[in-house]
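Topology and contacts: notes
Take a look at the letters that make up each chain.
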Amino acid sequence: MRIPVLYFSLLIGVLVLAFGFKQTQASQACWCWSQGQGMVAGPIPHPPSKEYESYGSYGTEADWNDSSHLLPLNYEQTQGKRIFYQQCVWCHADTTPAGPSNRSNVTPTPSLMDDGATLNKMKDEAIIRIIAEGGRKVGRSAMMPPYGGTLSQGDMQSLVAYIRVIASPPYSTAASSATGSPEANKK
Ligand code: HEC
């Protein structure tokens, strides 16, 4: 009587393992879907080197409908763009690589990151301060999270470089860094 019971439980065990293995294989296969199969959610696989170029700029850069007119960025600005797409795009752009952004659900509506009319008036230090400390600490909305623990000073500097280069109307360095006074920035 013992032997058949043992045999039976072994059989069940093997079947369960085999089924589990098949499931794993099946779920791995999903990652091989081509874009043509209409994947609805999740990141679209693409070569890492094109990761940020291929998205276009989703309302953050001048002329974003025309990929041949993307702004030429230097190293620091490119770093800023990368961090922007990782951390900020959800609230500071209308569209994200994963679809519509959360911007319209946030109060007050965060400015687009290329909104020169708003951001040109802020000094570099003020921008870095609100990024590092978040909205609440600088007396603004707590919906703007603090990034001081996540981003390095260099990361934030890169973000400022990116914000400056995409600004529309354009940001004028002459007007700002020369005196550093807020009045100078308003010209
Ligand atoms: C969860 C949404 C959210 C995310 C993510 C977010 N912000 Fe904000 N941000 C806000 C909101 C809301 C405000 C407006 C705060 C106010 O005016 O009270 C704001 C304000 C700002 C301002 C001040 C200018 C303005 O829009 O009024 C800057 C600069 C800024 N954010 C930069 C960033 C950067 C850079 C990142 C990414 C590192 C980021 N934010 C990520 C919500 C967000």
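Residues numbered from 1 in each chain as written. Predicted model: local features only at pLDDT ≥ 70, side-chain atom pairs only at ≥ 80, totals over all residues.

Secondary structure summary: the protein contains 7 helices and 2 strands in total. The order of helices and strands in the protein, counted from the N terminus, is α-α-β-β-α-α-α-α-α. For the protein, with 187 residues in total, the buried portion stands at 19%. Counted over contacts in the protein with a minimum sequence separation of 6, partners at least 24 positions apart contribute 54%. (Helix = DSSP H or I, 4+ residues; strand = E, 2+ residues; numbered from the N terminus. Buried ≥ 20, exposed ≤ 12 C-beta atoms within 10 Å, placed from the backbone. Contact = placed C-beta atoms within 7 Å.)

Judged by nonpolar contacts, the single largest core of 21 residues is most densely connected at Phe84, Met113, Leu159, Val160, Tyr162, Ile163 and Ile166. Those elements giving two or more residues to this core turn out to be helix H2 (75-92), helix H4 (124-137) and helix H5 (153-166). If one sorts the elements of this core by residue count, H5 sits on top with 8 residues. Residue contacts for Leu159: discarding those within four places in its chain leaves Gly80, Ile83, Phe84 and Ile131. (Core = buried A, V, L, I, M, F, W, Y, C linked by C-beta atoms within 7 Å.)

Between two packed helices, the angle of one axis relative to the other and the distance separating the axes together describe the packing. Running from N to C, H2 and H5 cross one another at 100°; their axes reach a closest spacing of 7 Å. Relative to H5, the element H2 lies roughly perpendicular. Counted together, Glu76, Gln77, Gln79, Gly80, Lys81, Ile83 and Phe84 of H2 and Asp155, Ser158, Leu159, Ala161, Tyr162 and Val165 of H5 form the full contact between these two elements. Here the contact of H2 with H5 is composed, by residue class, of 6 nonpolar, 4 polar and 3 charged. (Axes fitted to C-alpha atoms, helices over the stretch in contact; angles between N-to-C directions. Parallel < 35°, antiparallel > 145°, perpendicular 65-115°, else oblique. Nonpolar A, V, L, I, M, F, W, Y, C, P; charged D, E, K, R; others polar.)

With that out of the way, let us pick up H2. Compared with the 26 Å implied by 1.5 Å per residue over 18 residues, the 22 Å span of H2 between its first and last C-alpha is markedly short. Regarding H2, the residues found buried are Gln77, Gly80, Lys81, Ile83, Phe84, Tyr85, Cys88, Val89, Cys91 and His92. Looking at the packing, one finds that the buried side of H2 touches strand E1 (95-96) and H5. (Expected span 1.5 Å × (residues − 1).)

This paragraph deals with the environment of Thr107. Within the fold, Thr107 resides in the loop between strand E2 (99-100) and helix H3 (116-119). Taking the C-alpha atoms as reference points, Thr107 and Ala142, 35 residues apart in sequence, are found 9.5 Å from one another. Setting aside its immediate chain neighbours within four residues, Thr107 contacts Ser141 and Met143.

Glancing now at the packing of H4 against H5. Viewed as axis vectors pointing N to C, H4 and H5 meet at an angle of 125°, and their least axial separation amounts to 10 Å. Judged by the inter-axis angle, H4 sits oblique to H5. In this structure, H4 crosses over H5, and the sense of that crossing is right-handed. Residues Asp124, Ile127, Ile128, Ile131 and Ala132 of H4 form the contact with H5, whose own contacting residues are Met156, Leu159, Val160 and Ile163. (Left-handed = near helix turned anticlockwise from the far one by under 90°.)

Near the ligand there are 21 residues, and of these Cys88, Cys91, Arg140, Ser141 and Met144 occur at the shortest range. Breaking the shell around the ligand down by element, the ones donating at least two residues are H2 and H4. With 5 residues, H2 is the single largest residue contributor to the shell around the ligand. Class assignment for the residues of the shell around the ligand results in 14 nonpolar, 6 polar and 1 charged. (Near = placed C-beta within 6 Å.)

Moving on, we get to the confidence of the model for the protein. Here the protein averages 76 in pLDDT, while 64% of its residues score no lower than 70. Mean pLDDT per element in the protein: helix H7 (residues 182-186) is the minimum at 41, and H4 is the maximum at 97. Counting contacts from residues 47-57, a segment whose pLDDT is below 50, to residues more than four positions away or on other chains yields 10 contacts. (pLDDT = per-residue confidence, 0-100.)

This part is about the environment of Gly134. Within the secondary structure, Gly134 is located in helix H4. Once the C-alpha coordinates of Gly134 and Gly148 are considered, the two residues, 14 residues apart in sequence, prove to be 8.2 Å apart. Excluding its chain neighbours within four sequence positions, the residues that come into contact with Gly134 are Ala142, Met144, Pro145 and Pro146.

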